[in-house]
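A look at the structure
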Amino acid sequence: QVQLVESGGGLVQAGGSLRLSCAASGDTFSSYTVGWFRQIPGKEREFVGIISGNGGYTYSVDSVKGRFTISRDNAESTVYLQMNRLKPEDTAVYYCAAQRLLDYRGTFRSVWTKYSYWGQGTQVTVSS
């Protein structure tokens with residue numbers, strides 16, 4: 001069991017940066033693969049990227065690759081999503097999600113129903 005709390009969202013102008021945090025409690029955090037998702041009203045939940053339990057592997061989708069960086073500090077039980085060069089189309093509610101021993105290279109890493117634990121979401125708004 002793990003509980004996730006997201007923070008760091010806000011309003012930023014295009015080209016700016018934000019760092020989202022996903023703080024975990026309740027279990028050994030290093031055993032959890034963590035994914036990031038985002039959702040725009042009226043659209044499907046979108047997979048953004050993933051990080052392995054020890055932080056040794058990360059993956060991001062093409063639309064954010066090179067701009068977003070996922071990292072984690074297991075000593076602080078926190079996963080981060082650093083977002084740079086933000087675009088208006090990045091506007092969404094961002095969620096972190098965790099699943100123990102999820103295959104971070106596998107087909108299901110982008111499937112939101114495969115994650116057992118979710119944060120409450122944090123709004124990111126990018127103005128033009």
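Scroll up to find the structure.
Residues numbered from 1 in each chain as written. Predicted model: local features only at pLDDT ≥ 70, side-chain atom pairs only at ≥ 80, totals over all residues. Heavy atoms only, no water.

1. A look at the nonpolar core
- Ranked by internal contacts, the top residues of the largest apolar core, which has 35 residues, are Leu4, Trp36, Phe68, Val79, Leu81, Met83 and Tyr94.
- The set of elements that each furnish at least two residues to this core consists of strand S3 (18-25), strand S4 (32-39), strand S5 (46-51), strand S7 (68-73), strand S8 (78-83), strand S9 (92-100) and strand S11 (122-127).
- With 5 residues, the single largest contributor to this core is S9. (Core = buried A, V, L, I, M, F, W, Y, C linked by side-chain atoms within 4.5 Å. Buried < 20%, exposed > 50% of the residue type's maximum accessible area, 1.4 Å probe, protein only. Helix = DSSP H or I, 4+ residues; strand = E, 2+ residues; numbered from the N terminus.)

2. Things to note about unusual backbone geometry
- Unusually for a residue other than glycine, Ser77 sits at a positive phi of about 55°.
- Although it is not a glycine, Arg85 adopts a positive phi angle of roughly 50°.
- Within the element layout of this structure, Arg85 appears in the loop between S8 and S9.

3. Details of the environment of Ala75
- Inspection of the secondary structure puts Ala75 in the loop between S7 and S8.
- In the structure, Ala75 is positioned 21 residues away from Cys96 in sequence and 18 Å away in space, judged by C-alpha atoms.

4. Some words on the sheet that holds S7
- Across the sheet, 4 strands lie side by side as S1-S3-S8-S7; this open sheet has antiparallel pairing. The two strands at the open ends of the sheet, each matched to only one other strand, are strand S1 (3-7) and S7. Between one strand and the next, the sheet's axes are offset by a mean angle of 15°, whatever the strand orientation.
- Of the pairings in the sheet, the one linking S7 to S8 comprises 6 bridges and is antiparallel in character. By the bridge assignment, Arg72 is partnered in S8 with Val79. (Pairing = 2+ DSSP bridges. Axes fitted to C-alpha atoms, helices over the stretch in contact; angles between N-to-C directions.)

5. As for the packing of aromatic side chains
- Under the defined criterion, the tally for this structure stands at 9 aromatic pairs.
- Look at Phe37 and Tyr115: their rings are 5.2 Å apart centre to centre, the planes differ by 85°, and that puts the pair in the edge-to-face class. Highlighted residues: Phe37 in strand S4 and Tyr115 in the loop between S9 and strand S10 (117-118), separated in sequence by 78 residues. When sorted by exposure, Phe37 lands in the same class as Tyr115, which is buried.
- Seen from their ring centres, Phe47 and Tyr59 are 6.3 Å apart, and the 15° between their planes marks the pair as stacked. Taken together, the residues span a long stretch of sequence, with Phe47 in strand S5 and Tyr59 in strand S6 (residues 58-60) at a distance of 12 residues.
- Overall, Tyr59 belongs to the partly exposed group, its relative accessible area being 25%.
- Over the face of the ring belonging to Tyr95 we find Arg45, whose NZ or CZ atom lies 5.6 Å from the ring centre.
- When the ring centre of Phe29 is taken as reference, the NZ or CZ atom of Arg72 above it lies at 4.3 Å. (Phe/Tyr/Trp six-rings, centres within 6.5 Å; stacked < 30°, edge-to-face > 60°. Lys NZ or Arg CZ within 6 Å of the ring centre and 35° of its normal.)

6. Some words on the pattern of salt bridges
- Taken as a whole, this structure holds 3 salt bridges when the rule is applied.
- Residue Arg38 is joined to Asp90 by a salt bridge in which the shortest nitrogen-to-oxygen separation is 3.0 Å. Taken together, the residues Arg38 in strand S4 and Asp90 in the loop between S8 and S9 connect sequence positions 52 residues apart. The pair Arg38 / Asp90 is uniform in exposure class, with both members buried.
- Two residues, Arg67 and Asp90, come together in a salt bridge whose shortest N-O distance is 2.7 Å. Note that Arg67 is positioned in the loop between S6 and S7 and Asp90 in the loop between S8 and S9, a separation of 23 residues in sequence.
- Salt bridges here are not isolated pairs; linked through shared partners, they connect Arg38, Glu46, Arg67 and Asp90. (Salt bridge = Lys/Arg side-chain N within 4 Å of Asp/Glu carboxyl O.)

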